[in-house]
Amino acid sequence: MFILIDVGGTKTRIGVGRNEDTIAPPVVFSTHKQFDTWLAEVQTVMKNLCNDPSLRGVIIGIPGTFTKDGVIIKTPNLPLWQGVPIRHHLEKLCRCEIHLYNDTALVGLGEAVYGAGKGHSIVSYLTISTGVNGVRIVDGAIDRNTFGFEIGHSIIDIEHDRDVESLISGGSLEREFGKPSHEVHDVMLWEKISRRAGIFGANTAMYWSPSMIIYGGPVMNDLHLEIIEKEAKRHLTMFTEQPLFVRGTLKDYGGLYGALAISRKM
């Protein structure tokens, strides 16, 4: 048995994988800005699970970057978590091996193995959520890397030194309008954000050369895939063939399925 955890900037999901293909109905709760409060809630949810003799490990995805020892370096949407030795806390709680991954990487892996990218050997997954990020999946595995993937922080507006996340993320829109992005009802705005997301996809295609680009994250509920695809392909004139542009199919549970895919290889 593996405990599967997906920590997002807004919600945390905890599930259990007892075999290679299914996840027990997960527990979902808000991700608290204070790490200690979040950990206390995790402890409540996992109290009985951590005492299960069949427990083989915990696979967790968290936003941002972290050291090899499991200390959180940078997580822009959970700033109070920075510097927290999250692996140490979870090892103390569960007394088992903790496998730490970037949250977007796990969602992308889940989509590539179980979701929209199934059957494609090279897949790029882009999430537009509280923050923005992406991952490259090759042959059913997170592509090798040195520092992790943080493509949402690549600069797309050189003149004003603005990164992708500042231009299309839900967090950025909430700061601009003073309310959650899904409460912003401006047709022209969402068309503009969709075009920006298309440029983001075009850049991804040129960097990573996938056969499919999967878009996910809650902000995608307000974006127009047809505009994204049209804008992306407008910039991809150097290729005779272009990638498919699709929505993710695993909804809120992509990260848990990515963790399940990791467990299969253990």
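Let us look at the structure shown here. Nothing here was measured: the structure is a model prediction, and the numbers come from that model.

### Remarks on the overall build of the protein
Along its length, the protein carries eight helices and 14 strands. The C-alpha atoms of the protein give 18 Å as radius of gyration, which agrees with the globular expectation for 266 residues (18 Å, within 12%). Taking the principal axes of the C-alpha coordinates as reference, the protein spans close to 55 × 40 × 30 Å. By the burial criterion, 50% of the 266 residues in the protein qualify as buried. The contacts in the protein between residues at least 6 apart in sequence include a share of 65% that link residues at least 24 apart. As presented, the protein carries roughly 13,200 Å² of accessible surface, and 51% of it is formed by carbon and sulfur atoms. With 27 positive and 30 negative side-chain charges, the protein shows a separation of 3 Å between the mean positions of the two kinds.

### Quick word on the sheet that holds strand S14 (residues 244-247)
Here five strands make up an open sheet; going across it, the order is S10-S9-S8-S13-S14 and the pairing mixed. Two strands close off the open sheet at either side, each with one partner strand: strand S10 (141-142) and S14. Bridging between strand S9 (residues 132-138) and S10 involves two bridges; their strand directions are antiparallel. Within the sheet, the bridge partner assigned to isoleucine 137 lies in S10 and is isoleucine 142. Sitting on the sheet, helix H3 (residues 103-114) touches strand S8 (122-128), S9, S10 and strand S13 (212-216), and the angle it makes with S9 is about 45°. Strands in contact with helix H6 (residues 187-208) are S8, S9, S13 and S14; relative to S8, the strand with the most contacts, it is inclined by about 150°.

### Digging into the nonpolar core
Side chains that are nonpolar tend, in soluble globular proteins, to be buried together. The biggest cluster of nonpolar side chains holds 51 residues, and the ones touching the most others in it are Leu4, Ile128, Ile168, Tyr215 and Leu223. If one sorts the elements of this core by residue count, H6 sits on top with eight residues. Beyond its immediate sequence surroundings of up to four residues, isoleucine 168 is in contact with Ile128, Val132, Leu173, Ile193, Arg196, Ala197, Phe200 and Val219. If you look at the next biggest cluster of nonpolar residues, it comprises 29 residues, including Ile14, Trp38, Cys50 and Ile62.

### Let's talk about the state of the cysteines
Inspection of every chain in the model, using the stated rule, returns one disulfide. Note on cysteine 96: no disulfide assigned, nearest cysteine sulfur contributed by cysteine 94 at a separation of 4.9 Å. On the basis of relative accessibility, which here comes to 16%, the residue cysteine 96 falls in the buried class.

### With respect to the packing of aromatic side chains
Using the criterion set out here, one finds five aromatic pairs in the structure. Each ring, one from tyrosine 114 and one from tyrosine 257, has its centre 5.2 Å from the other, and the planes form 55°; the classification is tilted. In this pair, tyrosine 114 is assigned in helix H3 and tyrosine 257 in helix H8 (residues 254-264), connecting sequence segments 143 residues apart. Assessed through its relative accessible area of 22%, tyrosine 257 is described here as partly exposed. Three or more aromatic residues joined by ring pairs form one cluster here, namely Phe35, Trp38 and Trp81.

### Remarks on the packing of helix H1 (residues 35-46) against helix H2 (residues 86-94)
At a closest axis distance of 11 Å, the pairing of H1 and H2 adopts a crossing angle of 30°. Our classification of the angle between H1 and H2 gives roughly parallel. Relative to H2, H1 is oriented so that their crossing is right-handed. Across the interface between the two elements, Phe35, Trp38, Leu39, Val42, Gln43 and Met46 of H1 pack against Ile86, His89, Leu90, Leu93 and Cys94 of H2. Partitioning the contact of H1 with H2 into residue classes produces nine nonpolar, two polar and no charged.

### What to know about the layout of surface pockets
Estimated volume of the largest pocket: approximately 1,300 Å³. Every residue lining the largest pocket is counted, 50 residues in all, and those nearest its centre are Thr10, Ser129, Thr130, Gly217 and Pro218. Sorting the residues of the lining of the largest pocket by element identifies strand S2 (11-17), H3, S8, S9, helix H5 (170-177) and S13 as the ones contributing at least two each. Size it by volume and the second largest pocket reaches roughly 470 Å³. For the second largest pocket, the lining is made up of 18 residues, of which Phe66, Asn145, Thr146, Phe147 and Gly148 are closest to its centre. Elements supplying a minimum of two residues to the lining of the second largest pocket: strand S5 (65-66) and strand S7 (98-102). When its residues are assigned to classes, the lining of the second largest pocket shows eight nonpolar, seven polar and three charged.

Parameters at a glance
- Residues numbered from 1 in each chain as written.
- Predicted model: local features only at pLDDT ≥ 70, side-chain atom pairs only at ≥ 80, totals over all residues.
- Heavy atoms only, no water.
- Helix = DSSP H or I, 4+ residues; strand = E, 2+ residues; numbered from the N terminus.
- Rg over C-alpha atoms; globule rule 2.2 N^0.38 Å.
- Buried < 20%, exposed > 50% of the residue type's maximum accessible area, 1.4 Å probe, protein only.
- Contact = heavy atoms within 4.5 Å.
- Areas by Shrake-Rupley, 256 points an atom, 1.4 Å probe, with all protein chains shown as cover.
- Lys, Arg positive; Asp, Glu negative; His and termini not counted.
- Charge placed at Lys NZ, Arg CZ, Asp CG, Glu CD.
- Pairing = 2+ DSSP bridges.
- Axes fitted to C-alpha atoms, helices over the stretch in contact; angles between N-to-C directions.
- Core = buried A, V, L, I, M, F, W, Y, C linked by side-chain atoms within 4.5 Å.
- Disulfide = S-S within 2.5 Å.
- Phe/Tyr/Trp six-rings, centres within 6.5 Å; stacked < 30°, edge-to-face > 60°.
- Parallel < 35°, antiparallel > 145°, perpendicular 65-115°, else oblique.
- Left-handed = near helix turned anticlockwise from the far one by under 90°.
- Nonpolar A, V, L, I, M, F, W, Y, C, P; charged D, E, K, R; others polar.
- 1 Å grid on protein atoms, 1.4 Å probe; cavity = no way out; pocket = protein on both sides within 12 Å on 5 of 7 lines; lining within 4 Å.
- Points joined across faces, edges and corners; volume = space filled by probe spheres on them.

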